[in-house]
Protein chains: 2
Amino acid sequence: MTAAVTESPLTGVELDRIDAYWRAANYLTVGQIYLRENPLLSEPLTAGHIKPRLLGHWGTSPGLNLVYAHLSRMITLRDLSVLYVTGPGHGGPALVANTWLEGTYSELYPTVSRDATGMTRLFRQFSTPGGIPSHVAPEVPGSIHEGGELGYSLMHAYGAAFDNPDLLVACVVGDGEAETGPLAASWLSNVFLNPARDGAVLPILHLNGYKIANPTVLARIPAEDLRSLLRGYGHEPYEVTSEDPREAHQLMAAALGSALDDIAQIQRLARRGGPARRPRWPMIVMRTPKGWTGPAIVDGLPVAGTFRAHQVPLPHPREDPRQLAALESWLRSYRPQELFDADGVPRDDVLLAPPRGNARMSANPAANGGVMLRDLALPDFREYAVPSPGPGLADVEPTRALGAWLRDVIDANRDRFRLFGPDEVASNRLGDAFTVTDRVFLADTVPGDDHLSPDGRVMEVLSEHLCQGWLEGYLLTGRHGVFTSYEAFIHVVDSMVNQHAKWLKVTRDIAWRRPIASLNYLLSSHVWRQDHNGFSHQDPGFIDHVINKKAEIVRVYLPPDANTLLVTMDRCLRSRNLINVVVAGKQVEPLWLDMAEAQSHCERGLGIWAWASNDAGVEPDVVLACAGDVPTMETLAAVGLLREHLPQLRVRVVNVVDLMRLQPDSEHPNGLKDKQFDTVFTTDRPIIFAYHGYPGVIHRLTYRRTNHPNLHVRGYKEEGTTTTPFDMVMLNDLDRFHLVIDVIDRVPGLGATAAHLRQAMIDARQQCRAHTREHGEDHPTITQWRWSGGDS
Amino acid sequence: MTAAVTESPLTGVELDRIDAYWRAANYLTVGQIYLRENPLLSEPLTAGHIKPRLLGHWGTSPGLNLVYAHLSRMITLRDLSVLYVTGPGHGGPALVANTWLEGTYSELYPTVSRDATGMTRLFRQFSTPGGIPSHVAPEVPGSIHEGGELGYSLMHAYGAAFDNPDLLVACVVGDGEAETGPLAASWLSNVFLNPARDGAVLPILHLNGYKIANPTVLARIPAEDLRSLLRGYGHEPYEVTSEDPREAHQLMAAALGSALDDIAQIQRLARRGGPARRPRWPMIVMRTPKGWTGPAIVDGLPVAGTFRAHQVPLPHPREDPRQLAALESWLRSYRPQELFDADGVPRDDVLLAPPRGNARMSANPAANGGVMLRDLALPDFREYAVPSPGPGLADVEPTRALGAWLRDVIDANRDRFRLFGPDEVASNRLGDAFTVTDRVFLADTVPGDDHLSPDGRVMEVLSEHLCQGWLEGYLLTGRHGVFTSYEAFIHVVDSMVNQHAKWLKVTRDIAWRRPIASLNYLLSSHVWRQDHNGFSHQDPGFIDHVINKKAEIVRVYLPPDANTLLVTMDRCLRSRNLINVVVAGKQVEPLWLDMAEAQSHCERGLGIWAWASNDAGVEPDVVLACAGDVPTMETLAAVGLLREHLPQLRVRVVNVVDLMRLQPDSEHPNGLKDKQFDTVFTTDRPIIFAYHGYPGVIHRLTYRRTNHPNLHVRGYKEEGTTTTPFDMVMLNDLDRFHLVIDVIDRVPGLGATAAHLRQAMIDARQQCRAHTREHGEDHPTITQWRWSGGDS
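Residues numbered from 1 in each chain as written. Chains lettered and ligands numbered in written order. Predicted model: local features only at pLDDT ≥ 70, side-chain atom pairs only at ≥ 80, totals over all residues.

(A) Layout of the sheet that holds strand β3 (residues 200-206) of chain B. Residue and element names in this part refer to chain B. Ordered in space as β1-β2-β3-β5-β4, the five strands form an open sheet in which the pairing is parallel. In the strand order of this sheet, the two ends are held by β1 (81-86) and β4 (235-241), each with one partner. Averaged over all pairs of adjacent strands, the angle between strand axes in this sheet comes to 20 degrees, irrespective of strand direction. Bridge count between β3 and strand β5 (residues 281-287): three bridges; the pairing is parallel. (Pairing = 2+ DSSP bridges. Helix = DSSP H or I, 4+ residues; strand = E, 2+ residues; numbered from the N terminus. Axes fitted to C-alpha atoms, helices over the stretch in contact; angles between N-to-C directions.)

Shown next, in the form of structure tokens:
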């Protein structure tokens, strides 16, 4: 690795002071894991002082504390704004310790005061029922990053840095999480960071060498290979390798000084109009022992510096007097009497290190994005309405219509809105964006590249993980965005969505966390239109996945046409603290509603389409419900057939935009009251529900409704291949002909005409299938079909 | 990059021959995308010869064909067994073309014969309704890797190579997919490959420079950085950079020769007992133009060598005579008359290149794992039974009991079984495995490392993606395995599971694909016991995810104790072509059944536990159903309370091991017939169902059952934190006390005693909560509870 410039930058006093701070943080970390009483060790430690359940992760904590201490020093020295992203977020007690030392914790949680009483509470609450989680959770000031699932720290860091030119995001990457795919992909995020416009990310790879029971890969490949790897990522690595604290302090101060010099130089050059190319950003490789300063040997086995230091190094101090003695000696090794006065208040030597006010990393406003949030300047979506000559008479690509509005959203919010997608913005027909902006790209470009520039506001990379992680980091620091992706492949980020949903759920109960902009998905290459991609690209199950999350967090919209899509996206971009999933087609489709109708329909979330129904003034014989663009078209085509051939049949058409309306209002805030539901869906008539995704979703949302026994759902049943659009709906029995058959089979007493029609439908399916097989295209009666106004 | 040793290894004849083969493959690729007639261009091309819908991916295809041609040559020269893994699997027509040239395609699909008739069929079927998918799908001989979702090629390649010492797995990695997280993590798989025991993986990074609309990152970082990166991964990269076909042939022949020399040397050394350390494996970087040899300019815009070559370079040859002429000229540039005789049979020059028989990559038996599959030697699980002194009287860690059996499974199948997990095998209490084997690790080791060796059969890496991908590759090539992971974080691989499920679904209809071993998940760190990890580690939704897949593919088991877990895992390891999800605890839990009872219970899949019920001979007043270890314990505790305090209440206890039994037999092969279901669950009594996961699953599986209106489900409702086990069930109203309340609220006419009991339950919940808050532990009445035989 590159040696830092100055070998011993700290004076003796500075060294003593930063070491005192570090020991204080380590002491408070151990105290949280072990102690329920006697926090200052003012009396000899007894078994009764120890918590009954010992939970927490010691191993990574001393390293996290070392980084925290040195960043704090640099903040003061250089007047920096720094966000600390904790990759090894299971080291929760370390971060809590620092925020308590800085005073932020006591400001936000006054009962946990910065004195002996507060210290006792600090220790007791940790990883205790009714207390705080063991990880760096939303409750921890200064965090934007839950310490649960590993792999997302570095992408969050980049998301935080985008459009935050004055922010330095220091990201500790654990060598465990470095083995994950998402983290491995994150390194080259630096290709998308513009030093002139964005802040800086300083990755600090924490090589403590071990996971739970294994060594880590990056700690065991040759050092030369590791350096080569990190340079391959475009970084200049500075190394801090030591087992001696005082040496480590000097090395870290030097490395950090050099890295910050480099960053300052990079930014200076870029902001003076230097070439907007990816520079070689610095990073730090910190090789220090796992469980550093903790017990070396326990029960005859080495602990510090091994995987055994991962969680609780001394597991049984309450039962084993030797372990109790070892714990006391460990705690006293930090010399707490030098760190805290008799009242438990940190002494001056400790308190001189951390910065004050919002300069404290625990108080950096970027970590509480809601306080930084500024509403988007949203152009009036009604001005982007597609004129409707009547239901089904205009053909529109919904996402192309949306693209014009999104273009102007981008244009009007150049400091706080970005569009994210895995190389699909243009193919999803949102290409209008490129009339006002580019794709951001800091690597080499060549003539002929299409809308690439360092200043672009569209972020395209072939990784759903990166799109999601960048956007999460961007939102969590108070900005806005939309993620557009293939419906099937958004499952790539299922687990990330879980973590973000959990974060949002928890923050709703934390008063000081202000609401942030919602996480918005636009899934436009959906299950029904994978004409050339086929079966592998068909999966509508992301909806199933998100509706397991807390009802207050989740919304799912299936706008049936361009105008309803515009209304829906405007609503999503105005919402806060939600996960909005919007599924809408990019292919040419009929426009059903004019803008006024679309607004009114979306306002209700679901409703009867009177213009398509013929049940005015009477209870219908059958309800044809639909959700999703393709099911809506098939339903209306089926209604056309029914009204032509069985004009006496009273048909009601219901369209659902807001899927959560189907749930009872007791289950979801958007849920329809039972009485309203019964009014729309009747209490006893057959309902044929044509649904965009897996039919189980509709049953799951409606099983408590009165008329559920008469609900029959068609949807995707995992049948598909490379074929035509209509063949796809036929393969899954969602086609117009099959919907007519479903109606005939469920409405009693329709007589001979219906029986005849039923056979005609079977024949029509066969003809369409045969035509497609022979000509490779859908039958003209399908491709040329238009809604003709119902009664013919 | 490293230059290859010999600059021009091909003689003129060899060069002509391999170029002819390559041109033939390219011609057949273009033919598949465009032609429905006139396959040999025996007459001038007309619009009528063109397919109506032009679908397919040209861009990557010429590169894939080049690699195929040169690998084939080397197979013949060096008598190799090679598996070809196609990362850019959307280049389906390229792989199909090669398999047709080799004859394999016609052997498996005789109507697509290797002549003009067959060629017409070959062209017509491609990406056509009723034909074949546009990607490298299961239908393609020689493939183990669907070309849908990107990112998994290299992990599949490694999975295929493990325990296949004579196999060379050539893996073309697209520079698009190289941006994904899973692919980025895959490179260091070489740390887990033992050259003495395993086969070799030869990554071929295909830098054609572009994705759909963007350049790729790896093609645009400095060449020096790329080399540094690949060396950081532990590889020695050989470069092939050319736009000139004849030069490219020489370069590729040289690079491949050098790479294969290196591999041979590595294997020779390792197999002669050399140091079992990770060598520097070779790889190839192939920098050739996207859409190489295709149209250079279309409508004034550059196409070949740009992103516009991604799919169909000439989009409108039917409509645009200039495009038609360009297409004809493009096709004729391959000189088809030199490649095929008048009957469409490939000429000798073309046919001399490919190898014969099973040496053809399209016929390599490893790519049709079922034909290689040998059953596991399974020790009799009954010999590992935990003795039962009576229901609930023994305390057992179920996974520890299973570990003994798994240990012996490993020991008895050292050539065909591996255990995969993200650093959790020991923490999941399967550590008995380490008495017979180690964790495989080829990087540096140090004294004190715990069971690491090059010969280990346990694969641990902190990446669920890698575990999944390696195991998939291992299964697809005819071996067996188990993946153990946290329940919450198995969502990381949701999307990979989708793809594997789709692969299995499709292969069921392909006669020549033989069944492979099932993909087995053991999820033992489950939602209810995240005592120290808390909310971020709680998510039981993987079950919801998998049950959306085709019923024939998916099984979900929730064994309630150690003996049922043994029976279940034996069943899973004997099954074929399934995805088995087993959720079972690792914590100390009561043993409910002896082995005979466990076998009988698992055989039925669900059943009445008569020993816990008191409804003998009569219809019960209430059914208490349960699925999962924790819900089972809470249910039995509730039953104990009910039978003690309301002895007149007739209670039936039903336990569900095989979740799919709940579905109608019309929906799932394991589904219970309605009549059986009614017999067990009654048609009209209240059912209180304590379920392991999200309650919606149970409703979704049972909504068609007669008694569904009386079904009330308790489960995880997304409430949790770092807390005690009993506090967790209380937070979600799944605790014994709440189940008793649920019974009282739903069984009419229970009178004053029940009202009194109800209040006592509310009080008990409050006491438990208070005790936990004060002492940090569960109340002793909970921790010391034992099933006491019902009637007290």
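There's plenty left to go through after this.
(B) Inspection of the interface of chain B and chain A at higher detail. Listed by partner, the interface residues are 100 residues for chain B and 99 residues for chain A. Looking at the side of chain B that touches chain A, the elements that each hand over two or more residues are α7 (181-186), α8 (217-220), α9 (223-232), α17 (494-507), α18 (542-546), α23 (696-702) and α26 (751-775) of chain B. Each residue belonging to the side of chain B that touches chain A can be placed in one class, and the counts come to 30 nonpolar, 40 polar and 30 charged. (Contact = placed C-beta atoms within 7 Å. Nonpolar A, V, L, I, M, F, W, Y, C, P; charged D, E, K, R; others polar.)

(C) Broad picture of the sheet that holds strand β20 (residues 651-656) of chain B. Residue and element names in this part refer to chain B. Read from one edge of the open sheet, five strands run β18-β20-β19-β21-β22, paired in mixed fashion. Whereas interior strands pair on both sides, the edge strands pair on one side only; in this sheet they are β18 (606-608) and β22 (711-714). Across the sheet, the axes of successive neighbouring strands diverge by a mean angle of 20 degrees, strand direction being ignored. Pairing of strand β19 (residues 622-627) with β20 involves five bridges; the strand directions are parallel. Bridge assignment links C626 to a residue of β20, and that residue is N655. Strand contacts of helix α21 (residues 629-645): β19, β20 and β21 (687-691), with the helix running at about 155 degrees to β19, the strand carrying the most contacts.

(D) Main features of the domain arrangement of chain A. All names here are of chain A. Domain annotation of chain A identifies domain 1 (12-367), domain 2 (375-589) and domain 3 (605-783). Mapped by element, the contributors of at least two residues to the side of domain 1 that touches domain 2 are α6 (153-161) and α7 (181-186). A total of six residues in the side of domain 1 that touches domain 2 trace back to one element, the largest contributor, which is α6. Class assignment for the residues of the side of domain 1 that touches domain 2 results in 17 nonpolar, eight polar and seven charged. (Domains from an automatic or database assignment.)

(E) Region of the structure containing the relation of the copies chain B and chain A. Expressed as a screw transformation, the operator carrying chain B onto chain A has a rotation angle of 180 degrees and an axial translation of 0.0 Å, and the superposed copies differ by an RMSD of 0.0 Å. Taken together, these values place the two copies in the relation of a two-fold axis. In this assembly the copies share their binding face: 99% of the residues contributing to the interface of chain B also contribute to that of chain A. (Least-squares fit on C-alpha atoms with pLDDT ≥ 70 in both.)

(F) Molecular detail of unusual backbone geometry. Residue and element names in this part refer to chain B. For L41, which is not glycine, the phi torsion reads 55 degrees and is therefore positive. Inspection of the secondary structure puts L41 in the loop between α1 (12-34) and α2 (61-78). The backbone of T293 shows a phi angle near 75 degrees, a positive value even though the residue is not glycine. By the element assignment, T293 lies in the loop between β5 and β6 (297-298). Classification of T293 as buried rests on a count of 22 C-beta atoms within 10 Å. (Buried ≥ 20, exposed ≤ 12 C-beta atoms within 10 Å, placed from the backbone.)

(G) Focus on the packing of helix α19 (residues 562-574) of chain A against helix α20 (residues 595-604) of chain A. Residue and element names in this part refer to chain A. Contact geometry of α19 with α20 gives a least axis separation of 8 Å together with a crossing angle of 50 degrees. Our classification of the angle between α19 and α20 gives oblique. Considering how the two elements wind past one another, α19 and α20 form a crossing that is right-handed. Counting all contacts with α19, which are made through N563, T564, V567, T568 and R571, the residues of α20 involved are M595, A598, Q599, H601 and C602. Residues of the contact of α19 with α20, tallied by class, amount to four nonpolar, five polar and one charged. (Parallel < 35°, antiparallel > 145°, perpendicular 65-115°, else oblique. Left-handed = near helix turned anticlockwise from the far one by under 90°.)

(H) Geometry of the pairing of strand β16 (residues 579-583) of chain A. Residues and elements named next belong to chain A. Within β16, five of the five residues are buried, which leaves the element mostly enclosed by the surrounding structure. The alternating pattern of β16 places I579, V581 and V583 and N580 and V582 on opposite faces, both of which are buried. In this structure, strand β14 (residues 519-525) lies alongside β16, joined through five bridges in parallel fashion. Pairing of Y521 across the sheet is with V581, part of β16. As paired strands, strand β15 (residues 554-557) and β16 are joined by four bridges and run parallel to one another. Looking across to β16, one finds that R555 is bridged to N580.

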